[in-house]
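Structural overview for review
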Amino acid sequence: MKKLKSIIAVFLIVALCAASVACLDDGQQSADDPAESSGITTIAPDTDTDVDADAIAITLGNLSFTVADLQEAYDYYVEYYEYYGEDAFSGADVDFSEFNNVYEALMELSINDLLSSNTVLWQADIMGVTLTEDDLAEVEVAVEDMREQTIQDFMDSIASSDTSLTDDELREEAIAQIESTVQSYYSMTFEDYLDDYRVYMQEEAIITKVHDDFVANLELGQDEVDGWIEELRATQQETYAADPLAYRTQVLAYEEGSSTEPALYAPEGFVRVQMIEIAPEGELDENYETYTATMAELEAEYGALVLNGSDPERQEEIISEYATLKANVESTYTLYIKDAQTAAAAALERVNAGEDFASLMSEYNTTTPSQAELAQGELVYILEQDSNYSTDLWGVISTLPVGGISEIVEIDGTFYIVKVLGEEPSGDVDASAYSEDLTEAATSALASEAWDAQYQTWYEQAKQEAVLYPETYESLVY
């Protein structure tokens, strides 16, 4: 049984960046390699060791793992250790101090890794979970997608450096390069690789079936759901006390659909505002930066002359040149902002005449406001500087009363008109307004926790049930 997750993850990167990856295979080690200073006594690898790669190293029920399967995991951990040192394994489920040397610990970790990644497959075999014809057909679609995507990636890479090839020639060359790459890195053909990928996808489909069946049969009581919701509220309260702006982040994530969890607690200090925001179209005249840069140079030169009390004639020239440049800068900038400034004045006049502020936002704003911004406004924190807003704009927002409307505020050529809709109520938020979403989020989270617990139980059982044949692989240990 091949462990293909690592192969699949790196295959396209290796294929498209073969030259770069090859540089990592020269065996060189960083001068400050953590393993060099870890204080651990290591044993040099015995490169002459002969092992039977096809020999059975571990059995778990009806599943069996060869020495080659185990060696793949072991070699990975050894390479990782020798580059990063023992500290990189601080979260591993193996206590290195219990072994004679670090490589014995890495072998134990490799064994556990094989068992961990196959625990659910072992249970699926016990349960008699199999794939239907429809399931197998979906796997075949995935395999063909992998085939075509890989070929296309190679074709794109080749075409970027050789535009003379036809599509047929590109495809032929791409397949040839794929075969060469797969043979070089994995000692197999592309079809062999796809066969292994097919097995991997079949196993993933079985794991998904076991998981989905577990979740479908999970019974959760209302008390558990309510408990999860209150725990979420308490966690949010603690988080927002330390970082009030995290409240806005969560509110926006929920409104935009990137989070299924609404904010159930609101800290003090937020107001909701609507803003008309009008920016100039186009770019500033290219001479603007030249003018301002020259003015800065003249300022520096003039200051030095004044400080030294020298060359009064040049000082007068600088004053004249500076005045001309300043006039050019002002006229250039005025022309740049003219249309936006005129629009802002018209918008403010209509606001003061009583027209709907949200409607004017839709009409005037340079960037189309979201439905949430139109309906509810945006959240601004006013107890201290809100990092989402410039100091000047925040100063206007934080001093406006509820219902207040600002005059036109210009910041870097963009014109703002602000309306404070109201203070955001602080404290606990009524969860009943989000009952359906919260129940779904709670059910999903609790199901995930239950699945993790069930998996851990199975994994511990797998470690007890597995039969090891150390005589087939112990010579791999360095």
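Values in this document were obtained by computation on a predicted structure and should not be read as measured data.

**Looking at the pattern of salt bridges**
Taken as a whole and judged by the stated rule, the model has 15 salt bridges. Arg272 is the partner of Glu424 in a salt bridge, and the nearest nitrogen-oxygen pair spans 2.9 Å. One end of the pair, Glu424, is in the loop between strand S7 (414-423) and strand S8 (427-428); the other, Arg272, is in strand S4 (residues 270-278), and 152 residues separate them in sequence. In terms of burial, Glu424 and Arg272 fall into one category: buried. Residues joined by salt bridges that share partners form a network here, namely Glu301, Arg314, Glu317 and Glu321.

**A look at the packing of aromatic side chains**
Inspection of the entire model under this criterion finds 21 aromatic pairs. With a centroid separation of 5.3 Å and 55° between ring planes, the pair formed by Tyr247 and Phe270 is classed as tilted. Separated by 23 residues along the polypeptide, Tyr247 in helix H9 (residues 245-256) and Phe270 in strand S4 bring together distant segments of the chain. Neither residue differs from the other here; Tyr247 and Phe270 are each classed as buried. Taken together through their ring pairs, the aromatic side chains of Tyr76, Tyr77, Tyr80, Tyr83, Tyr84, Phe89 and Phe96 make up a single cluster.

**Quick word on the confidence of the model for the protein**
Mean pLDDT over the protein: 89, with 90% of residues reaching 70 or higher. Every residue in residues 1-48 scores below 50 in pLDDT, and together they form 68 contacts with partners more than four places removed in sequence or on other chains.

**Regarding the pairing of strand S1 (residues 56-60)**
Across the five residues of S1, four count as buried, placing the element largely inside the fold. Here S1 pairs with strand S2 (residues 63-66) via four bridges, running antiparallel. Opposite Leu60, over in S2, you have Leu63 as the bridge partner. Taking the residues between adjacent antiparallel strands as the criterion, S1 and S2 are bridged by two residues, where Gly61 takes a positive phi near 60°. Pairing of S1 with strand S9 (residues 467-468), which is carried by two bridges, proceeds in the antiparallel orientation. Following the sheet pairing, Thr59 is matched in S9 by Val467.

**Things to note about the nonpolar core**
Ile58, Leu70, Leu106 and Tyr473 are the most contacted members of the largest nonpolar core, which has 41 residues in total. For this core, the secondary-structure elements that each account for two or more residues are S1, S2, helix H3 (67-84), helix H4 (102-127), helix H7 (190-216) and helix H15 (435-465). Top contributing element to this core by residue count: H4, with 13 residues. Among the nonpolar cores identified, the runner-up in size contains 18 residues, and Met146, Tyr186, Tyr193 and Tyr197 belong to it.

Conventions and cut-offs
- Residues numbered from 1 in each chain as written.
- Predicted model: local features only at pLDDT ≥ 70, side-chain atom pairs only at ≥ 80, totals over all residues.
- Heavy atoms only, no water.
- Salt bridge = Lys/Arg side-chain N within 4 Å of Asp/Glu carboxyl O.
- Helix = DSSP H or I, 4+ residues; strand = E, 2+ residues; numbered from the N terminus.
- Buried < 20%, exposed > 50% of the residue type's maximum accessible area, 1.4 Å probe, protein only.
- Phe/Tyr/Trp six-rings, centres within 6.5 Å; stacked < 30°, edge-to-face > 60°.
- pLDDT = per-residue confidence, 0-100.
- Contact = heavy atoms within 4.5 Å.
- Pairing = 2+ DSSP bridges.
- Core = buried A, V, L, I, M, F, W, Y, C linked by side-chain atoms within 4.5 Å.

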